[in-house]
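# Analysis of the macromolecular model
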Amino acid sequence: MNDTAAVPASTTPRLARTRADLSEFLRLRRERLSPAELGLPAGGRRRTPGLRREEVAALAGVGLAWYTWFEQGRNISVSAGFLDNLARVLKLDAAERRHLYLLAHQRPPAEPGRTLCTVPPQLRRLMDDLPARPAYILNLRWDVVAWNAAADKVFRYSAQAPGRRNLLWMLFVDPHMREVFVDWQAQAPRMLSSFRRSFASASDVPDIVELVEELERVSPDFKAWWREHDVHGSCLGLRSLNLGALGEVAFEHATLTVDENRHLSLVVYAPAPDDARAADAAKWLARRPAARGSRE
């Protein structure tokens, strides 16, 4: 049966291009590896550099003919397990592994959860350019790894010990957070439900599991709400904050993914335009900026 017989005509050119790209990608990645890197004997003189197809097929656990068809870009079905094995054999990094999935017309793989602390300089500059907008960056564990002066003025991240600059910990343990978030009893469980999405991406990462277990021990509210398994939290919306002498001010807030591979998210608050104290709040936030901090 012809490989393209069941493929709609409108999609054939695109599939043909990606199959050619897949073939070239696999050949180049195979040729950049030496047998010694994978513990294989050199096997005498080789006509082409890198690994032979039969070596890749054996290491990936498939037959030579089947792997040859795949590398040639033929229209065959592959599993996620095979693609992961192939990525391991070819020593692909995370970006290359994702590219392999896309070329093979598979759903991109979930990246392993990580709780990194390094923030690119351009993100720091972006936050500094928002003097009247509290902004901070969270990793997958919800550690606050960087923030601007306006965020520090509202949430007091720099007053926390480095190991406790975690938004979830502060939300349930720090008395100041209960004062800052107006109607904390309603806001805290919503924010917790947003965290559960992060937790689902890294439920096997030890430091995230330790954070949850510790909060269950020290906070009855956290323990009760965590066990409700609510996952309906929103990454944007309207939230009222208590700014001390200014009183309660409505803020629009949004959470943006700024580095998917590193699991970094930027959270930005902006005084709601229709709040009567929005202009005063913006002036107060921009006044006398405190030193920017980070967990690093």
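Residues numbered from 1 in each chain as written. Predicted model: local features only at pLDDT ≥ 70, side-chain atom pairs only at ≥ 80, totals over all residues. Heavy atoms only, no water.

### Quick word on the overall build of the protein
What counts is decided by this rule: Runs of E in the DSSP output that reach at least two residues are strands. Runs of H or I that reach at least four are helices, and both are numbered from the N terminus. For this analysis, residues touch if any pair of their heavy atoms sits within 4.5 Å. For every accessible area listed, the method is Shrake-Rupley and the probe measures 1.4 Å; residues are considered covered only by the protein chains on display.
Within the protein, the regular secondary structure consists of 13 helices and five strands. Sequence-distant contacts in the protein: of pairs separated by 6 or more residues, those separated by 24 or more amount to 54%. By element, 52% of the accessible surface of the protein is carried by carbon and sulfur atoms, the whole surface being about 15400 Å².

### Description of the layout of surface pockets
Which entries qualify depends on this criterion: Lining residues are those with an atom within 4 Å of a point, where the points come from a 1 Å grid over the protein atoms alone and group into cavities, where a 1.4 Å probe fits but cannot get out, or pockets, open sets with protein on both sides within 12 Å along at least five of seven lines. Grid points are joined across faces, edges and corners, and a volume is the space filled by probe spheres set on the points. Classification convention: Asp, Glu, Lys, Arg as charged; Ala, Val, Leu, Ile, Met, Phe, Trp, Tyr, Cys, Pro as nonpolar; all other residues, Gly among them, as polar.
Within this model, the second largest pocket holds a volume of roughly 200 Å³. Residue lining of the second largest pocket: 13 residues in total, with Arg74, Asn75, Ile76, Ala104 and His105 positioned closest to the centre. For the lining of the second largest pocket, a count of residues per class yields six nonpolar, five polar and two charged.

### Side note on helix H11 (residues 206-218)
Since the α-helix advances by 3.6 residues per turn, residues separated by three or four positions end up pointing in the same direction. Here is the rule: By definition here, a helix of n residues has an expected span of 1.5 Å times n minus one. With a 1.4 Å probe rolled over the protein chains alone, any residue whose accessible area is under 20% of its type maximum counts as buried; one over 50% counts as exposed, and the rest are partly exposed. Starting at the helix axis, one direction is taken to each C-beta atom, and the arc is that of these directions.
An ideal rise of 1.5 Å per residue puts 18 Å on 13 residues; H11 measures up with 18 Å between its terminal C-alpha atoms. Looking at H11, one finds that the buried residues are Ile208, Leu211, Val212, Leu215 and Glu216. Buried residues of H11 fall within an arc of 130 degrees about the axis and therefore sit on the same side. Exposed residues pointing more than 90 degrees away from the buried face of H11 are listed as Pro206 and Arg217. For H11, the elements touching its buried residues are helix H8 (167-173), helix H10 (184-201) and helix H12 (220-226).

### Observations concerning the confidence of the model for the protein
Inclusion rule: Within a predicted model, pLDDT stands for the predictor's per-residue confidence, ranging from 0 to 100.
Looking at the protein, the pLDDT average stands at 84 and 83% of residues meet or exceed 70. Within the protein, the lowest mean pLDDT, 76, falls on helix H1 (residues 12-31), and the highest, 97, falls on H8. With pLDDT under 50 throughout, residues 1-15 is counted as low confidence; its partners more than four residues away or in other chains account for nine contacts.

### Quick look at the nonpolar core
This is how the line gets drawn: Nonpolar cores were defined as sets of buried Ala, Val, Leu, Ile, Met, Phe, Trp, Tyr and Cys residues, with membership established by side-chain atoms within 4.5 Å.
Tyr136, Phe155, Tyr157, Phe172 and Phe195 are the most contacted members of the largest nonpolar core, which totals 43 residues. Look past the residues within four positions of tyrosine 136 in its chain and what remains in contact with it is Met127, Val144, Ala146, Trp147, Ala151, Phe155, Tyr157, Leu167, Ser265, Leu266, Val267 and Tyr269.

### Side note on the side chain of asparagine 166
Let me state the cut-off plainly: Polar contact is defined as a pair of N or O atoms within 3.5 Å, subject to the rule that within protein one atom must be able to donate a hydrogen and the other to accept it, and that residues adjacent in sequence are counted only when both atoms are side-chain atoms.
With respect to the helices and strands, the residue asparagine 166 is situated in the loop between helix H7 (149-155) and H8. Among the residues examined, asparagine 166 registers a relative accessible area of 1% and is labelled buried. One polar contact links the side chain of asparagine 166 to the main-chain carbonyl oxygen of tryptophan 142, over a distance of 3.3 Å. Of the polar contacts made by the side chain of asparagine 166, one reaches the side chain of aspartate 143; its length is 3.0 Å. The contacts of asparagine 166, once residues within four sequence positions are left out, are Arg141, Trp142, Asp143, Val144 and Leu211.

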